[in-house]
Amino acid sequence: MKIVGLNLDIVWKNKAENFKIIEKELQYLEADLYLLPEMFSTGFCMDAAEVSDRNEESLEFLKRISKEKNAAFCGSAPVEENGNFYNRMYFVKPDGEVSFYDKRHLFSFSGEDKVYTPGKDRIIIEYKEVRFLLQVCYDLRFPVFARNNDDYDAVLYIANWPEKRVGAWEHLLKARAIENLSFVFGLNRIGTDGNNLLYQESSHCFFADGREISHKDGNIVSAELDMNELKDFRKHFQFLNDRDGFSIH
């Protein structure tokens, strides 16, 4: 399973331009799954009424490019539905099948919780015999929600995580991989957003023992997920058998 992530310098509130940049950056690449950052079409924006998709613009873009590349695409966009706004992470397969996860932990420090509605469901998607847990940015700080109950193989974190707190981002990504005996791919954006926040290149993919397995080339970060290696590692180190039992309400 090859995953390619795009360290996108998101153009603030400009969906058409972001779509154009993404297509250009990925046109000569091949992968099974492509990752795009949190709110890849607009930037992490609290002006939800202005920027949210009402006609599924971001989703339609993902469906089109997924079909063209014959690969899955994953990224989040602000969405309006039934009078509520959601930070919605889409997982789109090349056959047109769409799944989504609405960000559960909203970033109260920026007022996201005052604008967007939190999701309720923990979403796991299976694609090419790999089970993926979908997570968005601030979710990374809440390990209980991401705890592996023997139900996934990899976690996908997409983010707009500023440079000022990037150390926490990188340490927690590695921690989630180690404690859950899973692959963890964290994709962050780069550049400066409309709030003048700086984002440095900080995308990573870690193996279950904490080793980084990603490779970087310009704005592209890629990783190969070797499921046989993961199965052997889990068979040898059966730490998940000793995890605490709990339920999420």
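- As recorded in an unreviewed UniProt entry, the chain goes by the name Nitrilase family protein, listed as coming from Chryseobacterium oncorhynchi.
- Per its UniProt entry, the chain bears the Sequence similarities (unreviewed entry) comment "Belongs to the carbon-nitrogen hydrolase superfamily. NIT1/NIT2 family."

## A look at the overall build of the chain
- Of the regular secondary structure elements, the chain holds 6 helices and 14 strands.
- Against the 2.2 N^0.38 benchmark of 18 Å for 249 residues, the chain shows a C-alpha radius of gyration of 17 Å, consistent with a compact globule.
- Taking the principal axes of its C-alpha atoms as reference, the chain extends roughly 50 × 40 × 35 Å.
- Buried residues in the chain amount to 53% of all 249 residues.
- Here the analysis covers contacts within the chain between residues at least 6 apart in sequence; of these, 66% occur between residues at least 24 apart.
- Of the accessible surface of the chain, which amounts to about 11,300 Å², a share of 47% is contributed by carbon and sulfur atoms.
- Between the mean site of the 32 positive side-chain charges and the mean site of the 42 negative ones, the chain shows a separation of 2 Å.

## Describing the packing of aromatic side chains
- In the structure shown here, the tally under the stated rule is 15 aromatic pairs.
- Aromatic pair Phe19 and Phe61: ring centres 4.3 Å apart, planes at 10 degrees, arrangement stacked. Residue Phe19 is found in helix α1 (residues 15–26), and its partner Phe61 is found in helix α3 (residues 57–69); the two are separated by 42 residues along the sequence.
- Three or more aromatic residues joined by ring pairs form one cluster here, namely Phe183, Phe207, Phe233, Phe237 and Phe239.
- The ring of Tyr86 carries Arg88 above its face, with NZ or CZ at 5.3 Å from the centroid.
- The ring of Phe100 carries Arg88 above its face, with NZ or CZ at 4.0 Å from the centroid.

## Examining the sheet that holds strand β5 (residues 98–102)
- On the basis of which strands lie adjacent, the open sheet formed by 7 strands has the order β5-β4-β3-β2-β1-β14-β13 and mixed pairing. A single partner strand is all that each edge strand has here, and the edge strands are β5 and β13 (215–217). This sheet shows a mean twist of 30 degrees between the axes of neighbouring strands, independent of strand direction.
- Inspection of the sheet shows strand β1 (residues 2–6) paired to strand β2 (residues 33–35) by 3 bridges, in the parallel sense. Looking at the pairing, Val4 lines up with Tyr34 of β2.

## A short note on a nonpolar patch on the surface
- On the surface, Val144, Phe246 and Ile248 cluster together into a nonpolar patch covering about 250 Å² of accessible area.
- Tracing the sequence through the fold places Phe246 in the segment after α6 (227–236).
- Using a relative accessible area of 37% as the deciding quantity, one classes Phe246 as partly exposed.

## Digging into the pairing of strand β4 (residues 84–92)
- The buried count for β4 comes to 8 of 9 residues, which makes it a mostly enclosed element.
- Here 9 bridges tie strand β3 (residues 72–81) to β4, and the two strands are oriented antiparallel to one another. From the neighbouring strand, Glu81 faces β4, where its bridge partner is Asn84.
- Where β3 hands over to β4, the hairpin turn is made up of 2 residues, of which Asn82 adopts a positive phi near 55 degrees.
- In the sheet, β4 pairs with β5 via 5 bridges, with the strands oriented antiparallel. Across the sheet, residue Tyr90 finds its bridge partner in β5, namely Phe100.
- Count of turn residues in the β4/β5 antiparallel hairpin: 5 residues, of which Gly96 carries a positive phi of about 95 degrees.

## What about the environment of Asn14?
- Mapped onto the elements of the fold, Asn14 is located in the loop between β1 and α1.
- Residue class for Asn14 comes out partly exposed when judged on its relative accessible area of 31%.

## A short note on the nonpolar core
- Among the nonpolar cores identified, the biggest contains 50 residues, and Leu33, Phe91, Phe132, Leu134, Leu156 and Leu225 are the most heavily contacted of them.
- Ranked by the residues each element gives to this core, the list is headed by strand β8 (residues 154–159), at 6 residues.
- Aside from chain neighbours lying at most four places away, what touches Leu134 is Cys74, Met89, Phe91, Tyr101, Ile123, Ile125 and Leu156.
- Core analysis: the next-biggest nonpolar cluster, separate from the first, contains 21 residues, Leu6, Ile10, Tyr34 and Val79 among them.

Thresholds, definitions, all that
Residues numbered from 1 in each chain as written. Predicted model: local features only at pLDDT ≥ 70, side-chain atom pairs only at ≥ 80, totals over all residues. Heavy atoms only, no water. UniProt positions renumbered as here; feature names shortened; annotations may be inferred. Helix = DSSP H or I, 4+ residues; strand = E, 2+ residues; numbered from the N terminus. Rg over C-alpha atoms; globule rule 2.2 N^0.38 Å. Buried < 20%, exposed > 50% of the residue type's maximum accessible area, 1.4 Å probe, protein only. Contact = heavy atoms within 4.5 Å. Areas by Shrake-Rupley, 256 points an atom, 1.4 Å probe, with all protein chains shown as cover. Lys, Arg positive; Asp, Glu negative; His and termini not counted. Charge placed at Lys NZ, Arg CZ, Asp CG, Glu CD. Phe/Tyr/Trp six-rings, centres within 6.5 Å; stacked < 30°, edge-to-face > 60°. Lys NZ or Arg CZ within 6 Å of the ring centre and 35° of its normal. Pairing = 2+ DSSP bridges. Axes fitted to C-alpha atoms, helices over the stretch in contact; angles between N-to-C directions. Patch = residues over 30% accessible without salt bridge, like charges linked within 9 Å, V, L, I, M, F, W, Y side chains within 5 Å. Salt bridge = Lys/Arg side-chain N within 4 Å of Asp/Glu carboxyl O. Core = buried A, V, L, I, M, F, W, Y, C linked by side-chain atoms within 4.5 Å.

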